[in-house]
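Listed below, chain by chain, are the residues.
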Amino acid sequence: MFRWSGLATHTRGLIITGTGVIVLTPDTLLIRLADLDVWTITFWRDLSLGLALMLGLAVVYRRRTIRVFLAIGWAGLGMAFLFGINGILFVVAISNTGVANTLVILATTPVITALLAWIFLRERVSLELWLVIFLSMCGIAIVVWDGVGRGTLLGDLAAVSVAITMAGVFVILRAARAINLIPATALGSLVAGLAVLAVASPLSVPWSSAGYVAAMGLVVLPLSFGLITLGPRYLPAPEVALLTLLETVLGPLWVWIVLNEEPPLLTVIGGTVVLVTLAGHSGYQLHRNRRARLPRATGGVG
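Residues numbered from 1 in each chain as written. Predicted model: local features only at pLDDT ≥ 70, side-chain atom pairs only at ≥ 80, totals over all residues. Heavy atoms only, no water.

## Notes on the overall build of the protein
Here comes step 1: A tally of helices and strands in the protein yields 14 helices and zero strands.
Here comes step 2: Secondary structure elements of the protein occur, N-terminal to C-terminal, as α-α-α-α-α-α-α-α-α-α-α-α-α-α.
Here comes step 3: Oriented by its inertia axes, the alpha-carbon framework of the protein measures out at about 70 × 55 × 40 Å.
Here comes step 4: Each of the 302 residues in the protein was classed as buried or not, and the buried ones make up 48%.
Here comes step 5: Long-range pairs, those at least 24 residues apart, make up 90% of the contacts in the protein with a sequence separation of at least 6.
Here comes step 6: Here the protein has roughly 15400 Å² of accessible surface; of this, 70% comes from carbon and sulfur atoms.
Here comes step 7: Within the protein, one finds 19 positive and 12 negative side-chain charges whose respective centroids are separated by 22 Å. (Helix = DSSP H or I, 4+ residues; strand = E, 2+ residues; numbered from the N terminus. Buried < 20%, exposed > 50% of the residue type's maximum accessible area, 1.4 Å probe, protein only. Contact = heavy atoms within 4.5 Å. Areas by Shrake-Rupley, 256 points an atom, 1.4 Å probe, with all protein chains shown as cover. Lys, Arg positive; Asp, Glu negative; His and termini not counted. Charge placed at Lys NZ, Arg CZ, Asp CG, Glu CD.)

Structure, rendered in structure tokens:
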């Protein structure tokens, strides 16, 4: 019988974060199917994400909801600010530079996260994890090799800022892991959505796109980001950032399956490198956690 309480902390983190990232992978497909301008899709994605998370928190905590929001403190406000800015900068990046450039730059997020975690949290990154990060970045570089160098300076700088702010989010989540910061994610999303209202056209969404927008904002994003927000409670911040690279690799797979857009050979090769690297790392960690807990589960040895 499955017993959640019997799992190692690291194993819980892998399950929670991995599930969150996998749930996030259809996001790219839904954006394509919605077929809206970038500001309108950003408005509805962020606004609905924030409202859905708030509704979920209200259902779970009921009379304690306001107390849960107040409990986020300065760490939560800082994370909400970074999360909101991150959402806006991402749109600026993909609107002003090539998708390939953006993906290559965002692939540096685990490295930036590792450096920030070492500086501010004194969390040492193992040689094994550095190797996994390096191999994963090589895989991402293979995926986007053909598109590098086509973007503009503004878009590239925005993408760098996205990587830095997301790394900051992961580090804050790790530092304040004793606090429930899902309310901060909700607040940050609302800020991002309202910030682009002036340049969006929220009432122009046709009925044919409304279902895809609702699926994104009310199901995919709240569930995925809710779980990813919990990830740093159990995993080092760099490892959470590393697992989010799965979305970059698996997102195009959904587009291929549904829209029949066959990915280039380099995408298949690079994606395979990332998947094999992350699967091998996670499998090894699960095996090590199981062996570490085995003596205690069997009552000890000797």
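## With respect to the packing of helix H1 (residues 9-24) against helix H11 (residues 207-230)
Here comes step 1: Here H1 crosses H11 at 155 degrees, and the two axes come no closer than 8 Å. Taken together, the axis directions place H1 and H11 in an arrangement best described as roughly antiparallel. By crossing handedness, the relation of H1 to H11 is classed as left-handed. Between H1 and H11, the residues in contact are Ile16, Thr17, Thr19, Gly20, Val21, Val23 and Leu24 and Val220, Leu221, Leu223, Ser224, Phe225, Leu227, Ile228 and Leu230, respectively. (Axes fitted to C-alpha atoms, helices over the stretch in contact; angles between N-to-C directions. Parallel < 35°, antiparallel > 145°, perpendicular 65-115°, else oblique. Left-handed = near helix turned anticlockwise from the far one by under 90°.)

## Side note on the packing of aromatic side chains
Here comes step 1: Scanning the model with the defined rule gives two aromatic pairs in all.
Here comes step 2: Arranged with centres 5.5 Å apart and planes meeting at 85 degrees, the rings of Phe83 and Phe225 form a pair that is edge-to-face. On the criterion of sequence distance, the pair formed by Phe83 in helix H5 (residues 73-96) and Phe225 in helix H11 is long-range, its members being 142 residues apart.
Here comes step 3: Taking relative accessible area as the criterion, Phe83 reaches 10% and is therefore assigned buried.
Here comes step 4: The ring of Trp118 has Arg122 lying over it, and the distance from NZ or CZ to the ring centre is 5.9 Å. (Phe/Tyr/Trp six-rings, centres within 6.5 Å; stacked < 30°, edge-to-face > 60°. Lys NZ or Arg CZ within 6 Å of the ring centre and 35° of its normal.)

## Some thoughts on H1
Here comes step 1: Taking 1.5 Å of rise per residue, 16 residues should cover 22 Å, and H1 covers 23 Å from first to last C-alpha, within 8% of that figure.
Here comes step 2: Inspection of H1 places His10, Thr11, Arg12, Gly13, Leu14, Ile16, Thr17, Gly18, Gly20, Val21 and Leu24 among the buried residues, and these make up the whole buried set. (Expected span 1.5 Å × (residues − 1).)

## Focus: a nonpolar patch on the surface
Here comes step 1: A surface patch of nonpolar side chains, amounting to about 690 Å² of accessible area, comprises Leu115, Trp118, Ile119, Phe120, Leu127 and Trp130.
Here comes step 2: Put simply, the parts of the chain that give the nonpolar patch at least two residues each are helix H7 (109-121) and helix H8 (127-143).
Here comes step 3: At four residues, the largest contribution of residues to the nonpolar patch is made by H7.
Here comes step 4: Of the residues examined, Trp118 reaches a relative accessible area of 48% and is grouped as partly exposed. (Patch = residues over 30% accessible without salt bridge, like charges linked within 9 Å, V, L, I, M, F, W, Y side chains within 5 Å. Salt bridge = Lys/Arg side-chain N within 4 Å of Asp/Glu carboxyl O.)

## Side note on the confidence of the model for the protein
Here comes step 1: Summing up the model confidence of the protein, the mean pLDDT is 86 and the portion of residues at 70 or higher is 91%.
Here comes step 2: The secondary-structure element of the protein with the lowest mean pLDDT is helix H6 (residues 99-106), recorded at 73, while helix H4 (residues 65-70) shows the highest, at 95. (pLDDT = per-residue confidence, 0-100.)

## Observations regarding the pattern of salt bridges
Here comes step 1: The final tally for this structure, using the stated rule, is two salt bridges.
Here comes step 2: With its nearest N and O atoms 2.6 Å apart, the salt bridge here joins Asp27 to Arg45. In this pair, Asp27 is assigned in helix H2 (residues 27-34) and Arg45 in helix H3 (residues 38-61), connecting sequence segments 18 residues apart.
Here comes step 3: Judged by its relative accessible area of 8%, Asp27 falls in the buried class.
Here comes step 4: Residue Arg45 is classed as buried on the basis of its relative accessible area, which comes to 15%.
Here comes step 5: Salt-bridge contacts for Glu123 lead to Arg174; the nearest nitrogen and oxygen are separated by 2.7 Å. Note that Glu123 is positioned in the loop between H7 and H8 and Arg174 in helix H9 (residues 153-175), a separation of 51 residues in sequence. Summarising the burial analysis for this pair, Glu123 and Arg174 share the class buried.

## So, the nonpolar core
Here comes step 1: Membership of the largest hydrophobic core comes to 43 residues, with the highest contact counts inside it found for Met79, Val169, Phe170, Leu181 and Leu242.
Here comes step 2: Excluding anything up to four places from it in sequence, Phe170 contacts Thr109, Thr113, Ile228, Pro232, Ala237, Val240, Ala241 and Thr244.
Here comes step 3: Formed by six residues, the second largest nonpolar core is a distinct cluster that contains Leu30, Ile41, Val213 and Met216. (Core = buried A, V, L, I, M, F, W, Y, C linked by side-chain atoms within 4.5 Å.)

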